[in-house]
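Observations on the model geometry
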Amino acid sequence: MTENQRLGIVVSGSLGKGVEVRLDSSASVEDMVVGRFVTIEGQKRRFFGMITDVSLGVTDPSLTVVPPDVSDPFIAEVIAGTSTFGTLHVSPSLVISGDVASMLEGPQPVKTIPSHFSEVRLASQRDVELVFGTEDEKRFFIGTPLDMETKVCLNLEELVKRSNGVFGKSGTGKTFLTRLLLIGMLQKGTAVNLVFDMHSEYGWESRDERGRRVKALKQLFSSQVAVFTLDEESSRRRKVSTDFVVRIGYDEIEPEDIALLRQTLNLTELAVEAVYQLSGRFGKSWLQDTVNLKGTEELPEGLNIHEGSLQNLQRGLATIGRLPFLVSDAPDNAVKRILEYLDRGINVILEFGRYTDITAYILVANLLTRRIHARYREGMERAIGEATAPPRPLVITIEEAHRFLNPEVASQTIFGTIAREMRKYNVTLLVVDQRPSGIDSEVMSQMGTKITCLLDDERDIDSVLTGVPNKSELKSVLSKLESKQQALIFGHAVPMPVVVRTREYGSAQSYKDFIPKEVEKDIEKLWE
Amino acid sequence: MIEASTTGFVAQCYELYQIPSLGSLVKTKDQSLELYGIVYNAATTSLEPGRRPIARGKEEKTEEGIYQTSPQLLKLLKSEFGAVVVGHKQDKKLYHYLPPTPARIHSFVYLCSPEEVKEFSQSFDFLNILLNARLPVSTEELISACIRQMSQAYEDRHAFLVAAGKELAILLSGNLNQLKAILGGIKP
């Protein structure tokens, strides 16, 4: 199909439900795919929209009952586009008015629909550029629209102002997308990142599904990225040059951390209640003291904890105690170190190595984030009071987010708080998850930009699309995405929902494109 | 031209059996007006309405022989054809609708040249007149004959037939059987 090809005309529609387009006989219904970009030339305005559904129509219902003899090519050719025709459902989302003032303003959200029989065309490269802008200091090229070569750019400055989500079934390319987003933020310097890297795939190279080696952030931006590890041995085996080994002291664990682990540690409500009592009595060393208790008789006076609850709690705490990165006396303060790096504008990736156990992940991510958030909060408040520069925007990337943000714990965890209060303290989240239905709907609705790969569970799709206008249309687009390298982006950082074929990642050329020209020389050897 | 009305005319041929084919485009001139018609019917009958021809040629070997031995036959019989008016040309501009006045008796009727057929068939608006005309022949037959005839003027017959078929499919969107019959008649 050629660019800017005429597809058909608008025959009906409404602002709420989108418009119906009758296809010309020259345009084959089989060439139309959901997610493609079209422009509609109204009488005064130009509309941009996306194909959200494709259907077949006949002028005479009896055709469906007694189908004509289409084995005859002549008959088939005659009835195509006349008696039988294809229809498209297009949901217009942006509009440009013809006058000069609105040309300068650029595309605006639609408040009306094109008039009857307006011409519908495939969007041209220029149209897409007009809508998504070109790559510059703020915009990052994330992928190309379906069947087009134009670049779709994300406005990263807008992106980091709110919490965002990357969703998709396992194996649909979430990790690649997240890597791309992180690279974008690094490249444009819009924010510093703290990545809780559960599967150790963002810092140093890993293998993709085809077994190809893929470089990661530290290799591409060595001076801007620091790799912290919880599992020194694993990192050493993978030949990762780490900057810091994280050790956490027992005394750093607070009752809130345990409360969050209630489900994973299988603790009762009473046991969690007991944690608060115990920490109140024992102070900083409560964890070790509690584990060392031989029974309820050894409890300090005044504490009323049931035998069963104590045993339940001790069992849970023992699980935590077995985590090798927890030590009775941490040599260095991990939070302080991370903040030092972040203050210098260096992005921190925390590898979990072999500790991919969800208990470790939740514990560490929550513990560190709570403190970092507190420090950011102080910094921000100071900035307001003393009119100094606020801390750099921080984006915290978490995986398996439904474990932190499910409706039961979202109100308790720091992540729930960050997701809700958004950018007030310059800290936002990048949530990576495969089960968005597990995430609290309040948190989901607060997310600025959602990037989602294929999802097929009805509940997951529903939850990703909460709070989106014309939800049902995007739904059909979302469930028809290809299982690889395709994503639907919608929300704050893009002017309209768009399906992209994700930018290539993994080839020598792709790495080259990420690196700013000046530093290219220094790391040329990387792709030799 | 021996009979004329707003919607059609009847012409008699100068020579017996020199009848244009069914569905061909003919024209007649009338001062500034040129009328176009589609031949829908033709007949060869006796000159006198009450006198029917009788069977001849029992002794003859060929049909030609009959006319040779009885040359008066050519003068006693006549060939006529009827055409339905489908458009006109005024001041060199073609209109695919009925002319303001009918043709005049004794005006000459010509068969259109391929160039004229091409020019006229740039628009398929005349199909609608044919579809709605009340004629002794079936509309389906007439239209398919007409389109077949016209297509001969084109080098790319197939494209013309498809274009005509599409126009018919739109006009006959509510009448599938009629459409099927016509398409069956024009398919290459």
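All values derive from a computational prediction rather than experimental measurement.

1. Let's talk about the overall build of chain B
- Scanning chain B for helices and strands turns up seven helices and seven strands.
- Secondary structure elements of chain B, listed N to C terminal, follow the sequence β-β-β-β-α-α-β-β-β-α-α-α-α-α.
- If you line up chain B on its principal axes, its C-alpha atoms span 55 × 40 × 30 Å.
- Residues classed as buried in chain B amount to 28% of the 188 residues present.
- Counted over contacts in chain B with a minimum sequence separation of 6, partners at least 24 positions apart contribute 72%.

2. Looking at the overall build of chain A
- The secondary structure content of chain A amounts to 22 helices and 23 strands.
- If you line up chain A on its principal axes, its C-alpha atoms span 95 × 55 × 50 Å.
- Residue burial in chain A is summarised as follows: out of 528 residues, 45% are buried.
- Within chain A, contacts between residues separated by at least 24 positions form 69% of all contacts whose residues are at least 6 apart in sequence.

3. As for the sheet that holds strand β18 (residues 347-351) of chain A
Residues and elements named next belong to chain A.
- Overall, mixed pairing links the 12 strands, which are arranged β9-β8-β23-β22-β21-β10-β20-β19-β11-β18-β14-β15 in an open sheet. Looking along the sheet, the strands with just one partner apiece sit at the ends: β9 (152-155) and β15 (244-245).
- Sheet topology note: the strand β14 (residues 225-229)/β15 ladder contains two bridges and is parallel. Within β15, the residue paired with T229 across the bridge is V245.
- Packed onto the sheet, helix α20 (residues 471-478) meets β21 (449-452), β22 (486-491) and β23 (498-502) and runs at close to 160° relative to β22.

4. Overview of the pairing of strand β11 (residues 192-197) of chain A
All names here are of chain A.
- Across the six residues of β11, six count as buried, placing the element largely inside the fold.
- Every second residue of β11 is oriented toward a common face, with V192, L194 and F196 on one face and N193, V195 and D197 on the other, all of them buried.
- Pairing of β11 with strand β19 (residues 394-399) involves four bridges; the strand directions are parallel. Residue pairing across strands places L194 opposite I396, the latter belonging to β19.
- Where β11 and β18 come together, four bridges link them in parallel fashion.

5. Here's the deal with the domain arrangement of chain A
Residue and element names in this part refer to chain A.
- Parsing chain A into structural domains produces domain 1 (6-123), domain 2 (154-247 + 331-527) and domain 3 (250-321).
- For domain 2 and domain 3, the distance between their C-alpha centroids amounts to 33 Å.
- Between domain 2 and domain 3, the residue contacts involve nine residues of the former and 10 residues of the latter.
- Split by residue class, the side of domain 2 that touches domain 3 holds five nonpolar, four polar and no charged.

6. Here's the deal with the interface of chain B and chain A
- The interface of chain B with chain A comprises 13 residues on the first partner and 14 residues on the second.
- Of all the secondary-structure elements, those providing two or more residues to the side of chain B that touches chain A are α6 (157-171) and α7 (176-186) of chain B.
- Tallying contributions element by element places α6(B) first for the side of chain B that touches chain A, with six residues.
- In terms of residue class, the side of chain B that touches chain A is built from seven nonpolar, three polar and three charged.

7. Thoughts on the packing of helix α5 (residues 139-151) of chain B against α7(B)
Residue and element names in this part refer to chain B.
- It is at 8 Å that the axes of α5 and α7 come closest, and there the two elements cross at 35°. The chirality of how α5 crosses α7 is right-handed. Contact with α5, carried on its side by E140, I143, S144, I147 and R148, involves Q178, A181, I182, G185 and I186 of α7 and no other residues of that element.
- A per-class count over the contact of α5 with α7 returns five nonpolar, three polar and two charged.

8. Here we look at the confidence of the model for chain B
- For chain B, per-residue confidence averages 89 on the pLDDT scale, and 100% of positions sit at 70 or higher.
- The complex prediction reports pTM at 0.74, with the ipTM value standing at 0.78.

9. Some details on α20(A)
- Every buried residue of α20(A) is accounted for by E473(A), L474(A), V477(A) and L478(A). One side of α20(A) carries all its buried residues, which in axial view fall inside an arc of 135°.

10. Points about the pairing of strand β4 (residues 33-46) of chain B
All names here are of chain B.
- When strand β3 (residues 25-30) meets β4, the two strands line up antiparallel, connected through six bridges. Bridge pairing in β4 links D30 to L33.
- Where β3 hands over to β4, the hairpin turn is made up of two residues, of which Q31 adopts a positive phi near 50°.
- By the bridge criterion, 13 bridges tie β4 to strand β5 (residues 77-90) in an arrangement that is antiparallel. Paired with L33 across the two strands is Q90, which belongs to β5.

11. Comments concerning the packing of helix α14 (residues 334-343) of chain A against helix α15 (residues 358-386) of chain A
Residues and elements named next belong to chain A.
- Between α14 and α15, whose axes approach to 10 Å, the crossing angle comes to 55°. The angle between the axes of α14 and α15 places the two elements in the oblique class. Here α14 runs over α15; the crossing is right-handed. Contacts from A334, V335, I338 and L339 in α14 reach L368, R371, I372 and R375 in α15.

12. So, the nonpolar core
- Core analysis: the biggest nonpolar cluster contains 149 residues, and L217(A) and I398(A) have the highest contact counts within it.
- Residue contributions to this core peak at 10 residues, all from α15(A).
- Grouped together as the second largest cluster of nonpolar side chains are 41 residues, A11(B), V86(B), L127(B) and L161(B) included.

13. Let's talk about unusual backbone geometry
- Although it is not a glycine, F117(A) adopts a positive phi angle of roughly 60°.
- Mapped onto the fold, F117(A) is located in the loop between β6 (108-109) and β7 (119-122).
- A positive phi angle is found at K92(B), which is not glycine, with a value near 65°.
- Tracing the sequence through the fold places K92(B) in the loop between β5 and β6 (93-95).

Scoring rules and cut-offs
Residues numbered from 1 in each chain as written. Chains lettered and ligands numbered in written order. Predicted model: local features only at pLDDT ≥ 70, side-chain atom pairs only at ≥ 80, totals over all residues. Helix = DSSP H or I, 4+ residues; strand = E, 2+ residues; numbered from the N terminus. Buried ≥ 20, exposed ≤ 12 C-beta atoms within 10 Å, placed from the backbone. Contact = placed C-beta atoms within 7 Å. Pairing = 2+ DSSP bridges. Axes fitted to C-alpha atoms, helices over the stretch in contact; angles between N-to-C directions. Domains from an automatic or database assignment. Nonpolar A, V, L, I, M, F, W, Y, C, P; charged D, E, K, R; others polar. Left-handed = near helix turned anticlockwise from the far one by under 90°. pLDDT = per-residue confidence, 0-100. Arc of directions from axis to C-beta. Parallel < 35°, antiparallel > 145°, perpendicular 65-115°, else oblique. Core = buried A, V, L, I, M, F, W, Y, C linked by C-beta atoms within 7 Å.

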